[in-house]
Amino acid sequence: MSIKRIEIVRAHINLVSPFRTSFGTEVDRDLLYVHVIGDDEEGWGECVAMAAPLYSSEYVDGCEEVIKRYLIPLVTPNITAHEFVVAAASIRGNFMAKAAVEAALLDYQLRCTRLSLAGFLGATQTKVASGVSVGIQPDIDTLLGVVEGYRKDGYVRIKLKIEPGFDIDRVRAVRQAFGDEMLLQVDANAAYTIDDAAHLAKLDEFNLLLIEQPLAEEDIVGHVELSKRIATPVCLDESITSYDVARGALDIGACAIINIKPGRVGGYMESKRIHDLCYSRGVPVWCGGMLETGIGRAANLALAALPGFTLPGDTSASDRYFVQDVTEPFVLKDGYIDVPNTVGIGVRPLPDVLQAMTSRVDDYRIG
Ligand code: OSB
Ligand code: MG
């Protein structure tokens, strides 16, 4: 079980199409993997931070620094993922950096003990319903074409990215083209303020599942006010950085639904705690995404298989993002993706693919 080394792997992958949100346009992913290595086993974790601090204050080069300088020194040869989480609590914030190390330690520990991540977390589903996040398109015709393509692929829920100037008309056009029954939601990535409440209330007529993160990350109280002024259920993404924040947000009525992203909350164990809290209160949750490659996607699917994940997640198939994923591709079957059920996260990078993507590997001896 003893950990010998940790590699920090930096790599790069292009997206199949640009992904525009209210915070920026992503054309590729600047990747950081944590690779835990023992005598007989290995474990992999993917850091979800973006190249620039636009979605969150964390960014991938900053995460690399925190991981190397503050988190790897906490890792001892026989540490469990849980013990790591306890030790890492002394480091403030830096959720995405912590989550990447936790994920690699979990994969390693579960491979050593022959358990699947899904089993470890308490998954009750063997496949999960898959939604897709649609970036802001240049015009409405293009948007309708993109949505139609994803509908043909089989995605059971469409999420439209919105921002001021690209919102009510876009949603109306998609509703008119695809009908009132299609599961539809929107994500503003914090692009509005409470002064936009009357404007956002114009979305009420479109029978949306939810509006995700309309206001700033820090404006949790603003979301309480907004929740009273619009009929669409408010879901928080960026604001929910921990179990404590989730509990407080629910207690004060800031949201009715939570998007759980393991990277944003510091890992899979914290995600499980937030799930359990929401499940006990009857609050729906769903699994968000950060354009992960197969390593992060595999682990997200295990989480999304827990019983409280009653809404389809942004857990799309590999080909929605990449021509060639770093692992065996995840594929959509009738709107669902199978949950990996072998040991650990159930997948590993394909060596040749990873090598071709890799720009740098730094090696740290443990113990
Ligand atoms: O806000 O959910 C978000 C991607 C990157 C950063 C933030 C978000 C997203 C997405 C896409 O909406 C989720 C995915 O398909 O991985
Ligand atoms: Mg979001």
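Residues numbered from 1 in each chain as written. Chains lettered and ligands numbered in written order. Predicted model: local features only at pLDDT ≥ 70, side-chain atom pairs only at ≥ 80, totals over all residues. Heavy atoms only, no water.

Draft legend 1. Local environment of the nonpolar core. Of all hydrophobic cores here, the largest spans 122 residues; its most connected members are Tyr33, Val34, Ile67, Leu160, Leu203 and Ile258. Counting residues per element, this core draws most heavily on helix H3 (residues 95–112), which supplies 10 residues. Aside from chain neighbours lying at most four places away, what touches Leu203 is Ile162, Ile168, Val171, Val186, Leu208, Ile211 and Thr232. Judged by nonpolar contacts, the second largest core, of five residues, contains Leu210, Cys235, Ile257 and Leu311. (Core = buried A, V, L, I, M, F, W, Y, C linked by side-chain atoms within 4.5 Å. Buried < 20%, exposed > 50% of the residue type's maximum accessible area, 1.4 Å probe, protein only. Helix = DSSP H or I, 4+ residues; strand = E, 2+ residues; numbered from the N terminus. Contact = heavy atoms within 4.5 Å.)

Draft legend 2. Looking closely at the sheet that holds strand S13 (residues 358–365). The four strands are arranged S3-S2-S1-S13 in an open sheet whose pairing can be described as antiparallel. Strand pairing shows two members of the sheet lacking a second neighbour, strand S3 (42–46) and S13, which therefore form its edges. For this sheet, the mean inter-axis angle between neighbouring strands, taken without regard to orientation, is 20°. As defined by bridge partners, strand S1 (residues 3–21) adjoins S13 across seven bridges and the pair is classed as antiparallel. Bridge pairing in S13 places Arg10 opposite Arg360. (Pairing = 2+ DSSP bridges. Axes fitted to C-alpha atoms, helices over the stretch in contact; angles between N-to-C directions.)

Draft legend 3. Layout of the site of ligand 1. Around ligand 1 sit 17 residues in total, of which Ser133, Lys161, Asn189, Leu291 and Tyr321 are the nearest. A distance of 2.9 Å separates an oxygen atom of ligand 1 from a polar atom in the side chain of Lys161. Interatomic distance of 2.6 Å between a side-chain N/O atom of Tyr321 and an oxygen atom of ligand 1. Protein coverage of the free-state accessible area of ligand 1, which is 390 Å², stands at 100%. Put simply, ligand 1 lies in the largest cavity. A breakdown of the residues in the shell around ligand 1 according to their chemical character gives seven nonpolar, three polar and seven charged. Residue contributions to the shell around ligand 1 reach at least three from each of two domains, namely domain 1 (3–114 + 350–359) and domain 2 (118–338). (Near = heavy atom within 4 Å. Polar contact = N/O pair within 3.5 Å; in protein donor to acceptor, adjacent residues only side chain to side chain. Areas by Shrake-Rupley, 256 points an atom, 1.4 Å probe, with all protein chains shown as cover. 1 Å grid on protein atoms, 1.4 Å probe; cavity = no way out; pocket = protein on both sides within 12 Å on 5 of 7 lines; lining within 4 Å. Sits in = over half its atoms within 2 Å of the grid points. Nonpolar A, V, L, I, M, F, W, Y, C, P; charged D, E, K, R; others polar. Domains from an automatic or database assignment.)

The quantities given are spatial measurements derived from coordinates; they are silent on function.
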